[in-house]
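Each chain, letter by letter, is given below.
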Amino acid sequence: MPGPYPSFVEDLRLSHSEAQVQGIGLATETVPAEIGRMHNVAVDRKAVHAQRLRHVGEMPLMLTDAWVAERIGAGLTLAAL
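**A short note on the overall build of the protein chain**
Within the protein chain, the regular secondary structure consists of three helices and three strands. N-terminal to C-terminal, the α/β element order of the protein chain is α-β-α-β-β-α. Residues classed as buried in the protein chain amount to 17% of the 81 residues present. In the protein chain, once contacts between residues fewer than 6 apart in sequence are set aside, the share between residues at least 24 apart is 54%. As presented, the protein chain carries roughly 6,200 Å² of accessible surface, and 56% of it is formed by carbon and sulfur atoms.

Okay, here's the thing in structure tokens:
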């Protein structure tokens, strides 16, 4: 049973109906060394780098920074994010 104060994720869930998602970046880039090590991907590989901002009004809630294999993310658009 949750305590009297909701967790961040619970807060997001409660405000989901009010939250908006804005695509702020989408590009095919060379995978950075740290990301490559975390996902066992060669550093010279290309991937789609997508960034989205979830916010309520002017208050930012969450920044999502995702790296997707180029063959999977090739058709993504900023509007689709």
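There is more to say, and it comes next.
**Quick notes on the environment of I24**
For I24, the position within the fold is in strand β1 (residues 20–30). Spatially, the C-alpha atom of I24 lies 9.6 Å from that of A79, the residues being 55 residues apart in sequence.

**Re the layout of surface pockets**
A volume near 260 Å³ is recorded for the largest pocket. Mapped by element, the contributors of at least two residues to the lining of the largest pocket are α2 (33–39), β2 (46–56), β3 (59–69) and α3 (70–73). When grouped by side-chain class, the residues that make up the lining of the largest pocket number seven nonpolar, two polar and four charged.

**As for the pairing of β3**
Bridging between β2 and β3 involves 10 bridges; their strand directions are antiparallel. The residue of β3 that forms the bridge with V56 is M59. Linking β2 to β3, which pair antiparallel, is a turn of two residues; within it G57 sits at a positive phi near 60°.

About the thresholds
Residues numbered from 1 in each chain as written. Predicted model: local features only at pLDDT ≥ 70, side-chain atom pairs only at ≥ 80, totals over all residues. Heavy atoms only, no water. Helix = DSSP H or I, 4+ residues; strand = E, 2+ residues; numbered from the N terminus. Buried < 20%, exposed > 50% of the residue type's maximum accessible area, 1.4 Å probe, protein only. Contact = heavy atoms within 4.5 Å. Areas by Shrake-Rupley, 256 points an atom, 1.4 Å probe, with all protein chains shown as cover. 1 Å grid on protein atoms, 1.4 Å probe; cavity = no way out; pocket = protein on both sides within 12 Å on 5 of 7 lines; lining within 4 Å. Points joined across faces, edges and corners; volume = space filled by probe spheres on them. Nonpolar A, V, L, I, M, F, W, Y, C, P; charged D, E, K, R; others polar. Pairing = 2+ DSSP bridges.

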